Amino acid sequence: MTQGSEVRAKAVAVVRSGDRVLVERGYGRLDDSHFYRAIGGHIDFGERAAHAVAREWSEEYGLTLEEVRLLGVLENFFTYEGSPGHEIVFAFEARVVEPEVYRQEELEGIDPHGRRHEAVWVSMEELATGDIPLAPAGLLALLR
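Residues numbered from 1 in each chain as written. Predicted model: local features only at pLDDT ≥ 70, side-chain atom pairs only at ≥ 80, totals over all residues. Heavy atoms only, no water.

A.B. asks: Mind showing me how you'd approach a negative patch on the surface here?
C.D. replies: Among the surface-exposed residues, Asp19, Glu125, Glu126 and Asp131 lie close enough to one another that they form a single negatively charged patch. With a relative accessible area of 48%, aspartate 19 lands in the partly exposed category. (Patch = residues over 30% accessible without salt bridge, like charges linked within 9 Å, V, L, I, M, F, W, Y side chains within 5 Å. Areas by Shrake-Rupley, 256 points an atom, 1.4 Å probe, with all protein chains shown as cover. Salt bridge = Lys/Arg side-chain N within 4 Å of Asp/Glu carboxyl O. Lys, Arg positive; Asp, Glu negative; His and termini not counted. Charge placed at Lys NZ, Arg CZ, Asp CG, Glu CD. Buried < 20%, exposed > 50% of the residue type's maximum accessible area, 1.4 Å probe, protein only.)

Take a look at the structure:
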């Protein structure tokens, strides 16, 4: 199947610290776009969404999630790097077990595929301005 011809199931989580949330920085090379995205990824066949998001956080950042709570389910249509996408996203809120995360401004990780990930704390006020959008679409409303 070519990209854009299937619906993908994803699970993402946002962690809060006061008025800030921990999200990844994203960048689109083709259109020079910047965005934030909730941390997470695909759901494997037979895997529950809550388990998938915990696995993704562990694989990408070596972090352990707890108190994973479903905020809602979003249907997301988008274009990235010139290709259309369609995904069903289980959006969670959670806490990170490792306390040092809440004292760091940025986190870096590398997933099992060798891709680099960079997470930052962003204020809800900054997200509300819309200068740099938060993906998936609709997540900001669930966080409010």
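A.B. asks: I would appreciate a short explanation of the pattern of salt bridges in the present structure.
C.D. replies: For side chains of opposite charge, pairing can occur when their charged atoms come near one another. Scanning the entire structure with this criterion turns up 16 salt bridges. Between aspartate 44 and arginine 55 there is a salt bridge; the shortest N-O distance is 3.7 Å. Of the two residues, aspartate 44 is situated in the loop between β4 (39-42) and α1 (49-61) and arginine 55 in helix α1; the sequence distance between them amounts to 11 residues. A residue is classified by how much of its surface remains accessible, and aspartate 44, at 35% relative accessible area, is partly exposed. Look at arginine 55 and you get buried, because its relative accessible area is 14%. Residues arginine 55 and glutamate 47 are paired through a salt bridge, measuring 2.8 Å at the closest nitrogen-oxygen approach. Salt bridges sharing partners connect three or more residues here, namely Arg25, Glu106, Glu108, Arg116 and Glu118. (Helix = DSSP H or I, 4+ residues; strand = E, 2+ residues; numbered from the N terminus.)

A.B. asks: Would you take a moment to explain unusual backbone geometry for this structure?
C.D. replies: For residues other than glycine, phi is negative in most cases, and the peptide bonds are mostly trans. Of note, the bond from alanine 135 into proline 136 is cis; its omega dihedral lies within 30 degrees of zero at 5°. You can see proline 136 is positioned in the loop between β9 (134-135) and α3 (139-143). Its identity is not glycine, yet glutamate 81 carries a phi of approximately 55°, on the positive side. On the basis of relative accessibility, which here comes to 23%, the residue glutamate 81 falls in the partly exposed class.

A.B. asks: Can you walk me through the pairing of strand β1 (residues 8-17) in this structure?
C.D. replies: Here is the key point about a regular strand: its side chains alternate between the two faces of the sheet. Both β1 and strand β6 (residues 83-96) contribute to a ladder of 8 bridges, which runs parallel. Bridge pairing links alanine 13 to phenylalanine 92 in β6. In this sheet, β4 lies alongside β1 in antiparallel orientation, the contact comprising 4 bridges. Of the residues in β4, the one forming a bridge with alanine 11 is glycine 41. Pairing between β1 and strand β2 (residues 20-28): 3 bridges, direction antiparallel. By the bridge assignment, valine 15 is partnered in β2 with leucine 22. Between β1 and β2, which pair antiparallel and follow one another directly, the connecting turn spans 2 residues, one of which, glycine 18, has a positive phi of 65°. (Pairing = 2+ DSSP bridges.)

A.B. asks: How should the pairing of strand β7 (residues 106-110) be read in this particular structure?
C.D. replies: Burial of β7 is one-sided: the residues Leu107 and Gly109 facing one way are buried, the residues Glu106, Glu108 and Ile110 facing the other way are not. Bridging between β7 and strand β8 (residues 116-123) involves 5 bridges; their strand directions are antiparallel. Counted as the bridge partner of glycine 109 is histidine 117 from β8. Between β7 and the antiparallel strand that follows it, β8, lie 5 residues; glycine 114 among them carries a positive phi value of about 85°.

A.B. asks: Just checking my understanding: could you explain α1 for this structure?
C.D. replies: Between its first and last C-alpha, α1 extends 18 Å over 13 residues, near the 18 Å set by a 1.5 Å rise per residue. Residues Ala49, Ala52, Val53, Arg55, Glu56, Trp57, Glu60 and Tyr61 constitute the buried set of α1. (Expected span 1.5 Å × (residues − 1).)

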